[in-house]
Amino acid sequence: MACDEEGVRGTVSRWLPFSCVDGPGNRLVLFLQGCNFRCPGCHNPHTIGGCDHCGDCVPGCPGGALSLKDGRVHWLEARCTQCDRCLEICPRSASPKTHEMSVAEVLALLRRYGPLLSGITVSGGEATTQLPFVIALFTAIKEAPDLARLSCLLDSNGSLAETGWQRLLPVLDGAMIDLKGWQAPVHRTLTGRDRDRVLASLRLLAARSRLAELRLLHVPGQSDFLDGAGELAEGLSAFLASLGPVPIRLNGFRHHGVRGAALAWPQARGDELVALATALKAKGFGPVMLPAI
(Lines give C-alpha, C1' and ligand atoms only; values in the text may rest on other atoms or scores of the structure.)
Protein backbone atom coordinates (compact mmCIF):
# COMPACT_ATOMS: atom_id res chain seq x y z
CA MET A 1 0.00 0.00 0.00
CA ALA A 2 1.42 3.35 -1.00
CA CYS A 3 2.30 5.82 1.73
CA ASP A 4 0.94 9.36 1.85
CA GLU A 5 4.22 11.18 2.36
CA GLU A 6 2.57 14.48 3.31
CA GLY A 7 -0.35 13.20 5.38
CA VAL A 8 1.55 12.15 8.53
CA ARG A 9 3.94 14.46 10.31
CA GLY A 10 6.31 13.87 13.21
CA THR A 11 7.49 16.20 15.95
CA VAL A 12 11.29 16.05 15.76
CA SER A 13 13.48 17.28 18.60
CA ARG A 14 16.58 17.19 16.40
CA TRP A 15 18.25 15.12 13.75
CA LEU A 16 21.81 14.08 12.96
CA PRO A 17 22.95 13.55 9.38
CA PHE A 18 25.61 11.03 10.40
CA SER A 19 26.02 8.78 13.45
CA CYS A 20 28.08 5.64 14.03
CA VAL A 21 26.73 4.94 17.55
CA ASP A 22 23.01 4.52 16.80
CA GLY A 23 23.20 1.21 15.01
CA PRO A 24 25.58 -0.41 12.52
CA GLY A 25 27.27 1.67 9.87
CA ASN A 26 26.72 5.35 9.23
CA ARG A 27 23.15 6.39 10.01
CA LEU A 28 20.87 9.39 9.84
CA VAL A 29 19.15 9.69 13.22
CA LEU A 30 15.82 11.31 14.03
CA PHE A 31 15.15 12.12 17.68
CA LEU A 32 11.40 12.39 18.13
CA GLN A 33 9.86 14.52 20.88
CA GLY A 34 7.88 12.91 23.67
CA CYS A 35 8.40 9.95 26.01
CA ASN A 36 6.06 7.82 28.11
CA PHE A 37 8.76 6.90 30.65
CA ARG A 38 9.84 9.21 33.44
CA CYS A 39 13.44 8.18 34.07
CA PRO A 40 15.02 10.33 36.81
CA GLY A 41 18.42 9.69 35.23
CA CYS A 42 17.41 10.71 31.70
CA HIS A 43 20.21 12.57 29.92
CA ASN A 44 17.76 14.12 27.41
CA PRO A 45 15.00 15.26 29.79
CA HIS A 46 13.88 18.03 27.43
CA THR A 47 12.62 15.34 25.02
CA ILE A 48 10.13 13.90 27.53
CA GLY A 49 7.21 16.31 27.40
CA GLY A 50 5.20 18.01 24.73
CA CYS A 51 4.99 21.79 24.58
CA ASP A 52 1.62 23.06 25.85
CA HIS A 53 2.39 26.60 24.64
CA CYS A 54 2.09 28.13 28.11
CA GLY A 55 4.69 30.76 27.16
CA ASP A 56 6.82 30.50 30.32
CA CYS A 57 9.96 30.14 28.20
CA VAL A 58 9.39 33.22 26.04
CA PRO A 59 10.51 36.04 28.43
CA GLY A 60 13.69 34.15 29.34
CA CYS A 61 15.03 33.84 25.81
CA PRO A 62 18.01 36.23 25.56
CA GLY A 63 18.12 36.15 21.77
CA GLY A 64 14.45 36.85 21.18
CA ALA A 65 14.10 33.54 19.35
CA LEU A 66 10.80 32.69 21.06
CA SER A 67 7.47 34.46 20.72
CA LEU A 68 3.86 33.77 21.66
CA LYS A 69 1.44 34.32 18.78
CA ASP A 70 -2.16 33.14 18.47
CA GLY A 71 -1.77 31.13 21.64
CA ARG A 72 1.26 29.16 20.44
CA VAL A 73 4.99 29.41 21.11
CA HIS A 74 7.00 30.00 17.94
CA TRP A 75 10.74 29.38 17.62
CA LEU A 76 12.90 31.35 15.18
CA GLU A 77 15.94 29.17 14.66
CA ALA A 78 17.97 31.95 13.03
CA ARG A 79 17.94 33.95 16.28
CA CYS A 80 18.58 30.99 18.61
CA THR A 81 21.92 31.00 20.45
CA GLN A 82 21.39 27.43 21.77
CA CYS A 83 21.82 28.64 25.34
CA ASP A 84 19.10 26.13 26.36
CA ARG A 85 17.60 28.52 28.91
CA CYS A 86 14.15 27.64 27.60
CA LEU A 87 14.80 23.98 28.39
CA GLU A 88 15.71 24.84 31.97
CA ILE A 89 12.58 26.95 32.41
CA CYS A 90 10.02 24.52 31.01
CA PRO A 91 7.94 22.85 33.75
CA ARG A 92 6.95 20.00 31.40
CA SER A 93 10.43 18.81 30.38
CA ALA A 94 9.59 19.89 26.85
CA SER A 95 11.38 21.90 24.20
CA PRO A 96 10.02 24.72 22.06
CA LYS A 97 12.86 24.04 19.61
CA THR A 98 11.18 21.26 17.66
CA HIS A 99 10.38 20.74 13.98
CA GLU A 100 7.19 19.37 12.49
CA MET A 101 8.49 17.20 9.64
CA SER A 102 6.61 15.34 6.95
CA VAL A 103 7.68 11.96 5.63
CA ALA A 104 8.63 13.68 2.36
CA GLU A 105 10.98 16.04 4.20
CA VAL A 106 12.78 13.14 5.87
CA LEU A 107 13.06 11.33 2.55
CA ALA A 108 14.67 14.47 1.11
CA LEU A 109 17.29 14.35 3.88
CA LEU A 110 17.98 10.70 3.15
CA ARG A 111 18.42 11.47 -0.53
CA ARG A 112 20.77 14.35 0.28
CA TYR A 113 23.06 12.16 2.39
CA GLY A 114 22.06 8.76 0.97
CA PRO A 115 25.33 7.73 -0.72
CA LEU A 116 27.11 7.98 2.63
CA LEU A 117 24.44 6.25 4.73
CA SER A 118 23.80 2.66 5.80
CA GLY A 119 20.34 3.45 7.10
CA ILE A 120 18.12 5.48 9.39
CA THR A 121 17.53 5.15 13.12
CA VAL A 122 14.47 6.71 14.76
CA SER A 123 15.05 7.48 18.42
CA GLY A 124 13.62 9.83 21.04
CA GLY A 125 12.30 10.64 23.52
CA GLU A 126 10.42 7.46 22.75
CA ALA A 127 9.89 6.97 19.05
CA THR A 128 6.85 4.70 19.39
CA THR A 129 4.80 7.50 20.97
CA GLN A 130 4.61 8.72 17.37
CA LEU A 131 3.94 5.29 15.87
CA PRO A 132 1.87 6.39 12.81
CA PHE A 133 4.73 8.65 11.69
CA VAL A 134 7.35 5.92 12.16
CA ILE A 135 5.28 3.38 10.21
CA ALA A 136 4.60 5.87 7.42
CA LEU A 137 8.28 6.83 7.21
CA PHE A 138 9.64 3.28 7.15
CA THR A 139 6.97 2.25 4.62
CA ALA A 140 7.94 5.11 2.32
CA ILE A 141 11.62 4.17 2.55
CA LYS A 142 10.90 0.53 1.69
CA GLU A 143 8.76 1.61 -1.29
CA ALA A 144 11.29 4.08 -2.72
CA PRO A 145 13.59 2.32 -5.24
CA ASP A 146 16.47 4.67 -4.49
CA LEU A 147 16.17 4.31 -0.68
CA ALA A 148 15.06 0.71 -0.16
CA ARG A 149 18.65 -0.41 0.47
CA LEU A 150 18.72 1.63 3.71
CA SER A 151 17.97 -0.30 6.89
CA CYS A 152 15.27 1.05 9.21
CA LEU A 153 16.07 0.74 12.90
CA LEU A 154 14.25 1.86 16.04
CA ASP A 155 15.81 2.88 19.35
CA SER A 156 13.10 2.23 21.95
CA ASN A 157 12.32 1.73 25.63
CA GLY A 158 10.27 -1.33 24.66
CA SER A 159 6.95 -0.05 25.99
CA LEU A 160 4.99 -0.57 22.76
CA ALA A 161 2.15 -3.09 23.00
CA GLU A 162 2.12 -6.22 20.82
CA THR A 163 -0.52 -4.79 18.47
CA GLY A 164 1.75 -1.83 17.78
CA TRP A 165 4.76 -4.05 17.08
CA GLN A 166 2.68 -6.16 14.68
CA ARG A 167 1.86 -3.02 12.68
CA LEU A 168 5.51 -1.93 12.63
CA LEU A 169 7.26 -5.27 12.04
CA PRO A 170 6.65 -5.48 8.26
CA VAL A 171 8.79 -2.37 7.68
CA LEU A 172 11.18 -2.69 10.65
CA ASP A 173 14.67 -4.14 10.15
CA GLY A 174 15.55 -4.12 13.83
CA ALA A 175 15.04 -2.52 17.23
CA MET A 176 17.48 -1.60 19.96
CA ILE A 177 15.71 -1.99 23.30
CA ASP A 178 16.69 -0.68 26.74
CA LEU A 179 16.28 -2.77 29.87
CA LYS A 180 17.01 -0.41 32.75
CA GLY A 181 16.25 -2.72 35.65
CA TRP A 182 15.66 -6.42 36.15
CA GLN A 183 13.33 -6.76 39.14
CA ALA A 184 10.02 -4.93 38.85
CA PRO A 185 10.60 -2.47 41.77
CA VAL A 186 14.02 -1.46 40.41
CA HIS A 187 12.68 -0.98 36.89
CA ARG A 188 9.87 1.15 38.31
CA THR A 189 12.34 3.29 40.27
CA LEU A 190 14.55 3.87 37.24
CA THR A 191 11.82 4.47 34.66
CA GLY A 192 8.60 5.31 36.48
CA ARG A 193 6.92 2.40 34.67
CA ASP A 194 6.48 -1.37 35.05
CA ARG A 195 8.73 -3.76 33.16
CA ASP A 196 6.13 -6.19 31.78
CA ARG A 197 5.75 -4.61 28.34
CA VAL A 198 9.52 -4.25 27.99
CA LEU A 199 10.08 -7.96 28.62
CA ALA A 200 7.22 -8.86 26.29
CA SER A 201 8.68 -6.63 23.57
CA LEU A 202 12.08 -8.26 23.93
CA ARG A 203 10.57 -11.73 23.59
CA LEU A 204 8.46 -10.77 20.58
CA LEU A 205 11.27 -9.03 18.72
CA ALA A 206 13.73 -11.85 19.42
CA ALA A 207 11.22 -14.42 18.16
CA ARG A 208 10.79 -12.42 14.94
CA SER A 209 14.56 -11.87 14.50
CA ARG A 210 14.12 -8.13 14.93
CA LEU A 211 16.00 -7.60 18.20
CA ALA A 212 19.10 -5.85 16.92
CA GLU A 213 20.51 -5.04 20.34
CA LEU A 214 19.62 -5.34 24.03
CA ARG A 215 20.91 -2.42 26.09
CA LEU A 216 21.51 -2.71 29.82
CA LEU A 217 21.98 0.46 31.86
CA HIS A 218 24.16 0.24 34.95
CA VAL A 219 23.40 2.76 37.68
CA PRO A 220 25.62 2.31 40.76
CA GLY A 221 23.61 1.67 43.87
CA GLN A 222 20.41 1.21 41.85
CA SER A 223 20.93 -1.52 39.25
CA ASP A 224 20.21 -5.16 40.04
CA PHE A 225 21.64 -7.13 37.12
CA LEU A 226 24.26 -8.68 39.44
CA ASP A 227 23.72 -10.22 42.85
CA GLY A 228 25.94 -9.73 45.88
CA ALA A 229 28.34 -12.40 44.67
CA GLY A 230 28.85 -10.76 41.29
CA GLU A 231 26.73 -13.34 39.46
CA LEU A 232 23.80 -12.56 37.19
CA ALA A 233 20.65 -11.92 39.20
CA GLU A 234 18.23 -14.78 39.78
CA GLY A 235 16.03 -15.29 36.72
CA LEU A 236 18.00 -12.97 34.46
CA SER A 237 20.10 -15.75 32.92
CA ALA A 238 17.01 -17.77 32.04
CA PHE A 239 15.35 -14.73 30.49
CA LEU A 240 18.39 -13.83 28.39
CA ALA A 241 18.75 -17.45 27.28
CA SER A 242 15.13 -17.43 26.12
CA LEU A 243 15.95 -14.59 23.70
CA GLY A 244 18.60 -16.57 21.87
CA PRO A 245 21.83 -14.99 20.59
CA VAL A 246 21.45 -11.22 20.89
CA PRO A 247 24.12 -8.50 20.95
CA ILE A 248 24.21 -6.80 24.36
CA ARG A 249 25.41 -3.24 24.84
CA LEU A 250 26.25 -1.97 28.30
CA ASN A 251 25.71 1.69 29.14
CA GLY A 252 26.89 3.39 32.31
CA PHE A 253 24.99 6.14 34.07
CA ARG A 254 26.54 9.60 33.60
CA HIS A 255 25.52 13.03 34.85
CA HIS A 256 25.46 14.62 31.39
CA GLY A 257 22.09 16.33 30.90
CA VAL A 258 20.61 14.89 34.09
CA ARG A 259 18.46 17.04 36.38
CA GLY A 260 17.13 16.72 39.90
CA ALA A 261 17.84 14.05 42.51
CA ALA A 262 19.69 11.76 40.10
CA LEU A 263 22.58 14.23 40.01
CA ALA A 264 23.45 12.86 43.46
CA TRP A 265 23.77 9.33 42.09
CA PRO A 266 27.35 8.16 41.52
CA GLN A 267 28.47 7.75 37.93
CA ALA A 268 29.24 4.28 36.63
CA ARG A 269 32.88 3.20 36.80
CA GLY A 270 34.65 1.25 34.13
CA ASP A 271 35.43 -1.67 36.42
CA GLU A 272 31.74 -2.03 37.31
CA LEU A 273 30.81 -2.32 33.63
CA VAL A 274 33.63 -4.82 33.07
CA ALA A 275 32.32 -6.92 35.96
CA LEU A 276 28.85 -7.01 34.39
CA ALA A 277 30.31 -7.85 31.00
CA THR A 278 32.38 -10.65 32.54
CA ALA A 279 29.33 -12.15 34.25
CA LEU A 280 27.36 -12.07 30.99
CA LYS A 281 30.17 -13.64 28.98
CA ALA A 282 30.67 -16.36 31.60
CA LYS A 283 27.12 -17.51 30.89
CA GLY A 284 27.71 -17.48 27.15
CA PHE A 285 25.75 -14.31 26.34
CA GLY A 286 26.81 -11.72 23.86
CA PRO A 287 28.67 -10.38 22.07
CA VAL A 288 28.85 -7.81 24.89
CA MET A 289 29.84 -4.26 23.99
CA LEU A 290 31.18 -1.74 26.47
CA PRO A 291 30.82 2.05 26.09
CA ALA A 292 33.73 3.87 24.52
CA ILE A 293 34.08 6.05 27.63
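Nothing here was measured: the structure is a model prediction, and the numbers come from that model. (Residues numbered from 1 in each chain as written. Predicted model: local features only at pLDDT ≥ 70, side-chain atom pairs only at ≥ 80, totals over all residues. Heavy atoms only, no water.)

Turning our eyes to something else, we now look at the overall build of the chain. If you tally the helices and strands in the chain, you get eight helices and 11 strands. Taking 293 residues into account, the globule formula puts the C-alpha radius of gyration at 19 Å, and the chain, at 20 Å, falls close to it. Overall, the C-alpha framework of the chain stretches about 60 × 50 × 35 Å when taken along its three principal axes. Looking at the chain as a whole, 49% of its 293 residues are labelled buried. In the chain, once contacts between residues fewer than 6 apart in sequence are set aside, the share between residues at least 24 apart is 67%. If you sum the accessible surface of the chain, you get close to 13,700 Å²; carbon and sulfur atoms cover 53% of it. (Helix = DSSP H or I, 4+ residues; strand = E, 2+ residues; numbered from the N terminus. Rg over C-alpha atoms; globule rule 2.2 N^0.38 Å. Buried < 20%, exposed > 50% of the residue type's maximum accessible area, 1.4 Å probe, protein only. Contact = heavy atoms within 4.5 Å. Areas by Shrake-Rupley, 256 points an atom, 1.4 Å probe, with all protein chains shown as cover.)

Once that is clear, we can look at the UniProt feature "domain: Radical SAM core" (unreviewed entry) in the chain. The feature "domain: Radical SAM core" (unreviewed entry), as given by UniProt, occupies residues 21-283 in the numbering adopted here. Secondary structure within residues 21-283 divides into 29% helix and 18% strand; the distance between the first and last C-alpha atoms comes to 26 Å. (UniProt positions renumbered as here; feature names shortened; annotations may be inferred.)

Pairing between the strands of a sheet comes from backbone hydrogen bonds, and it takes one of two forms, parallel or antiparallel. What the nine strands build is an open sheet, ordered β5-β1-β2-β6-β7-β8-β9-β10-β11; its pairing is mixed. Single-partner strands in this sheet number two, and they are β5 (99-102) and β11 (288-289). Where strand β6 (residues 119-123) meets strand β7 (residues 151-156), four bridges bridge the pair, whose relative direction is parallel. Its bridge partner being in β7, valine 122 is matched across the sheet by leucine 154. Here helix α2 (residues 103-113) sits on the sheet in contact with β1 (9-19), β2 (27-32), β5 and β6, set at roughly 80° to β5. Across the sheet, helix α3 (residues 131-143) touches β1, β2, β5, β6 and β7, and the angle it forms with β6 is around 180°. (Pairing = 2+ DSSP bridges. Axes fitted to C-alpha atoms, helices over the stretch in contact; angles between N-to-C directions.)

Under the defined criterion, the tally for this structure stands at four aromatic pairs. Each ring, one from phenylalanine 18 and one from tyrosine 113, has its centre 5.2 Å from the other, and the planes form 80°; the classification is edge-to-face. Of this pair, phenylalanine 18 sits in strand β1 while tyrosine 113 sits in helix α2; the two residues are 95 residues apart in sequence, bridging distant segments of the chain. Between tryptophan 182 and phenylalanine 239, the aromatic rings sit 5.6 Å apart at their centres with planes inclined by 40°, giving tilted as the arrangement. Here tryptophan 182, found in the loop between β8 (174-179) and α5 (184-191), pairs with phenylalanine 239, found in helix α7 (residues 236-243); they are 57 residues apart in sequence, far enough to count as distant. Its relative accessible area of 6% is what places tryptophan 182 among the buried residues. The structure contains a cluster of three or more aromatic residues connected by ring pairs, namely Trp15, Phe18 and Tyr113. (Phe/Tyr/Trp six-rings, centres within 6.5 Å; stacked < 30°, edge-to-face > 60°.)

With that settled, the discussion passes to the environment of alanine 282. Note that alanine 282 resides in helix α8 (residues 270-282). Between the C-alpha atoms of alanine 282 and glutamate 231, which are 51 residues apart in sequence, the distance is 9.3 Å.

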